[in-house]
Amino acid sequence: MDKKTKYFGLGILGGIGIIAIFIAILIFIPIVSMIAGPSAVAVIPVAGEIGYGASSENMTVANPDIINALIDRANTDPSIGAIVLDINSPGGSPVASEEVLSKINSSQKPVIAWISDTGTSGAYLIAAGADEIVASPSSWTGSIGVILTLADLSEYYKKQGIDIYSLTGGKYKAIGADYKNLTSEERQMLQTMIDEEYAHFIGLVAKNRNLTIDYVESIAEGKIYTGQQALDFKLIDKLGGKEYAIELAANKSGIGPGYQVITMSPDYGPLGELGI
């Protein structure tokens, strides 16, 4: 056997050895985690407007599909004992917010919500599903309410000499169009829908926070509260920073001192490395 063939064979064996070691690590770490118990707290960011779009250079979107996938990963990772939702969001889509709330409700591991700067509207609804809510004293939270914003630009179009009209199949198909104002019947129709959504929002908060509907109605009305005010009104459980929320999550899951903190992202890997 010449030297070139010999080294080539050794290289193949070395490569196979490295792959075998990597596979062994992938198998060994979960087994050790299951035996030794969880040793990490997963931090999942909920930042930006909540909706089904994608983040861009100019806007950060908290996509429920991504958040829910990360919650699922945290629940199936034996090394993770608890989850902290790092919330900084003004809210967004009611449907998207409720999707995340449902996922939190079904979590097999403790979930602590931490509100940093802002956790209002749909973002507060998400936090309400956690086992406990921690908020910074100067944070803004609450804003339990529903809003539908429309614009009547008919006068502007008239001044600009723009004539807009539409052909519709259905009496209400053009409802909300910006080239006309709402009729009283259309206004009442939309208000009824908003009132229904508002009552649903209040009911979800009351259920998840163990409060009465009457009480939540009395403090809702779209009002925004500081962290301290939210604590006084029972909208949150404790005041504190991110480190305190993580420590609370670790204690709730029974993880001892020296626990690891893993910030999860969409490309969170099997070895717990940070994504980008």
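My aim in this report is to walk through the structure given alongside it, one point at a time. (Residues numbered from 1 in each chain as written. Predicted model: local features only at pLDDT ≥ 70, side-chain atom pairs only at ≥ 80, totals over all residues. Heavy atoms only, no water.)

With that settled, consider the packing of aromatic side chains. Within this structure, the stated rule accounts for two aromatic pairs. When the ring of Tyr-225 is compared with that of Phe-233, the centres are 5.0 Å apart and the planes differ by 50°; the resulting orientation is tilted. A cation over a ring is seen here: Lys-234 above Tyr-215, with NZ or CZ 5.7 Å from the ring centre. (Phe/Tyr/Trp six-rings, centres within 6.5 Å; stacked < 30°, edge-to-face > 60°. Lys NZ or Arg CZ within 6 Å of the ring centre and 35° of its normal.)

In strand E6 (residues 132–135), alternate side chains face the same way, and those of Glu-132 and Val-134 on one face and Ile-133 and Ala-135 on the other are all buried. Relative to E6, strand E5 (residues 111–120) is paired through four bridges, and the arrangement is parallel. Note that in E6 the partner of Trp-114 across the bridge is Val-134. What joins E5 to E6 is helix H4 (residues 122–128), and the crossover it makes is right-handed. Two strands pair when backbone bridges link them, and E6 and strand E9 (residues 238–239) are joined in this way by two bridges, in the parallel orientation. What sits directly across from Ala-135, in E9, is Leu-239. (Buried < 20%, exposed > 50% of the residue type's maximum accessible area, 1.4 Å probe, protein only. Helix = DSSP H or I, 4+ residues; strand = E, 2+ residues; numbered from the N terminus. Pairing = 2+ DSSP bridges. Right-handed = clockwise from strand over helix to strand, strands pointing away.)

This paragraph deals with the packing of helix H3 (residues 94–105) against helix H6 (residues 184–209). Interaxial distance between H3 and H6 falls to 13 Å at its minimum, and their mutual angle equals 20°. Compared by their axis directions, H3 and H6 come out roughly parallel. Crossing geometry of H3 relative to H6 is assigned as left-handed. Contact residues: Pro-94, Glu-98, Leu-101 and Asn-105 in H3; Glu-197, His-200, Leu-204 and Asn-208 in H6. A class-by-class count of the residues in the contact of H3 with H6 yields three nonpolar, three polar and two charged. (Axes fitted to C-alpha atoms, helices over the stretch in contact; angles between N-to-C directions. Parallel < 35°, antiparallel > 145°, perpendicular 65-115°, else oblique. Left-handed = near helix turned anticlockwise from the far one by under 90°. Contact = heavy atoms within 4.5 Å. Nonpolar A, V, L, I, M, F, W, Y, C, P; charged D, E, K, R; others polar.)

Taken together, Asp-65, Glu-98, Glu-99, Glu-196 and Glu-197 make up a surface patch of like negative charges. As for its placement among the helices and strands, Glu-98 is situated in helix H3. Take Glu-98: its relative accessible area is 31%, and that puts it in the partly exposed class. (Patch = residues over 30% accessible without salt bridge, like charges linked within 9 Å, V, L, I, M, F, W, Y side chains within 5 Å. Areas by Shrake-Rupley, 256 points an atom, 1.4 Å probe, with all protein chains shown as cover. Salt bridge = Lys/Arg side-chain N within 4 Å of Asp/Glu carboxyl O. Lys, Arg positive; Asp, Glu negative; His and termini not counted. Charge placed at Lys NZ, Arg CZ, Asp CG, Glu CD.)

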